[in-house]
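Chain and residue survey
This is what each chain is made of:
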Amino acid sequence: MEDTEKQVPEQWFVFFKDQLLLKREITEKGEVKYCVPYDTDILPVKPATGDTVHEVLLPSEVTVRTFAVEQLITETEEWMMIGLRDSYEYITPEEYKAAGKAYQILYWDQHSRFCPSCGTPTEQKEPIMKKCPSCGYEIYPHIATAIIVLIRRREEILLVRGRNFRGTFYGLVAGFLEPGETLEQCVQREVMEETGLKVKNITYFGNQPWPYPSGLMAGFIADYESGEIKLQEEEISAGAFYSKKNLPEIPRKLSIARKMIDWWIDN
Ligand SMILES: [Zn+2]
């Protein structure tokens with residue numbers, strides 16, 4: 001029966017650069033609430049003709065679509081744009097995950113317009129696959145893998161202040177995987193390069209997609225083995241071992257770094 005057929009709702013993730021469009025609503029109790037708009041909402045902007053609207057494949061009840069706009073959408077009572085990182089504080093964890101994937105697809109789309117092998121304009125073939133019509137080269141989103149490591153020394157952990165950190169917090173040693181390396185070798189190399197320390201007992205903690213702009217963070221726990229802290233000055237401005245009692249400002253809840261630090265505090 002056609003009229004009982006359930007229509008799958010569509011949710012729209014609209015980006016200008018890393019700014020995500022959110023709808024502002026006032027609940028019956030008078031509270032302000034933010035959400036990612038649905039197809040039932042009248043968007044303040046439409047995808048330009050010829051612009052790619054991407055479907056973001058997710059194990060989700062809703063169909064997720066995304067497109068990029070060329071300028072910031074002016075804030076109104078109903079609409080606002082917010083940076084992807086900050087959106088974590090406004091939308092549900094599911095929406096934040098979907099936003100991260102949508103953003104990575106748009107980023108990939110913008111950076112794969114031409115074949116890297118022969119320079120011919122590429123053609124979109126599948127949601128995350130493009131192909132060069134001239135030489136047949138296939139392009140998938142490139143994901144940069146990085147490790148992040150919590151180093152324990154007795155009752156303390158190592159926290160560092162990276163020069164590229166956005167904010168005033170202290171975080172964990174992290175760095176990109178190099179070709180030919182295992183994740184554990186990457187942990188040892190990055191810790192040595194950034195802090196001059198040797199670590200042991202490297203165990204896997206968990207991982208997290210990191211859409212800034214397109215990465216995967218693999219988290220590890222390790223124990224201090226030997227060495228004196230000698231910071232790599234170009235990347236790290238401060239670093240020391242801290243106990244639970246004297247922790248500095250730590251990363252925000254959205255990051256795996258925070259999950260690892262919280263795990264250590266609870267254990
Ligand atoms: Zn080509």
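This section reports on the structure supplied with the text. (Residues numbered from 1 in each chain as written. Predicted model: local features only at pLDDT ≥ 70, side-chain atom pairs only at ≥ 80, totals over all residues. Heavy atoms only, no water.)

Observations concerning the sheet that holds strand S9 (residues 138–139)
In spatial order, the strands read S7-S8-S9; together these three strands make up an open sheet with antiparallel pairing. Two strands lie at the open edges of the sheet, namely strand S7 (123–126) and S9, each paired on one side alone. As paired strands, S7 and strand S8 (residues 129–131) are joined by three bridges and run antiparallel to one another. Counted as the bridge partner of Glu-123 is Lys-131 from S8. (Pairing = 2+ DSSP bridges. Helix = DSSP H or I, 4+ residues; strand = E, 2+ residues; numbered from the N terminus.)

Some points on the environment of Pro-213
You can see Pro-213 is positioned in the loop between strand S13 (198–210) and strand S14 (215–226). Along the chain, Pro-213 and Leu-231 lie 18 residues apart, while their C-alpha atoms are 26 Å from each other. Apart from the residues within four sequence positions on either side, Pro-213 is in contact with Tyr-103, Gln-104 and Tyr-107. (Contact = heavy atoms within 4.5 Å.)

Notes on the coordination of the zinc ion
Protein-derived ligands of the zinc ion are Cys-115 (SG), Cys-118 (SG), Cys-132 (SG) and Cys-135 (SG), with the metal-ligand distances lying across 2.3 to 2.4 Å. For the zinc ion, the four donor atoms in the first shell make angles of 101 to 120° at the metal, a pattern classed as tetrahedral. Each donor residue of the zinc ion belongs to the same chain, and together they define the spacing C-x2-C-x13-C-x2-C. Pair noted here: Cys-115 is in the loop between helix H2 (93–110) and S7 and Cys-135 is in the loop between S8 and S9, with a separation of 20 residues, a long-range link. For Cys-115, a relative accessible area of 4% gives the class buried. (Donors = N, O, S within 2.8 Å, 3.2 Å for Na, K, Ca; no water. Tetrahedral: all angles 85-135°; square planar, octahedral: opposite > 155°, others 65-115°. Buried < 20%, exposed > 50% of the residue type's maximum accessible area, 1.4 Å probe, protein only.)

A closer look at the pattern of salt bridges
Summed over the entire model, instances satisfying the criterion amount to 20 salt bridges. Residue Glu-156 is joined to Arg-153 by a salt bridge in which the shortest nitrogen-to-oxygen separation is 3.2 Å. Residue Glu-156 is classed as partly exposed on the basis of its relative accessible area, which comes to 22%. Residues Glu-178 and Arg-189 are paired through a salt bridge, measuring 3.5 Å at the closest nitrogen-oxygen approach. Taken together, the residues Glu-178 in the loop between strand S12 (173–176) and helix H3 (183–195) and Arg-189 in helix H3 connect sequence positions 11 residues apart. Among the residues examined, Glu-178 registers a relative accessible area of 40% and is labelled partly exposed. Exposure remark for Arg-189: the relative accessible area of 16% places this residue in the buried category. Beyond isolated ion pairs, a larger network of salt bridges with shared partners links Lys-23, Glu-25, Lys-33, Asp-41 and Glu-78. (Salt bridge = Lys/Arg side-chain N within 4 Å of Asp/Glu carboxyl O.)

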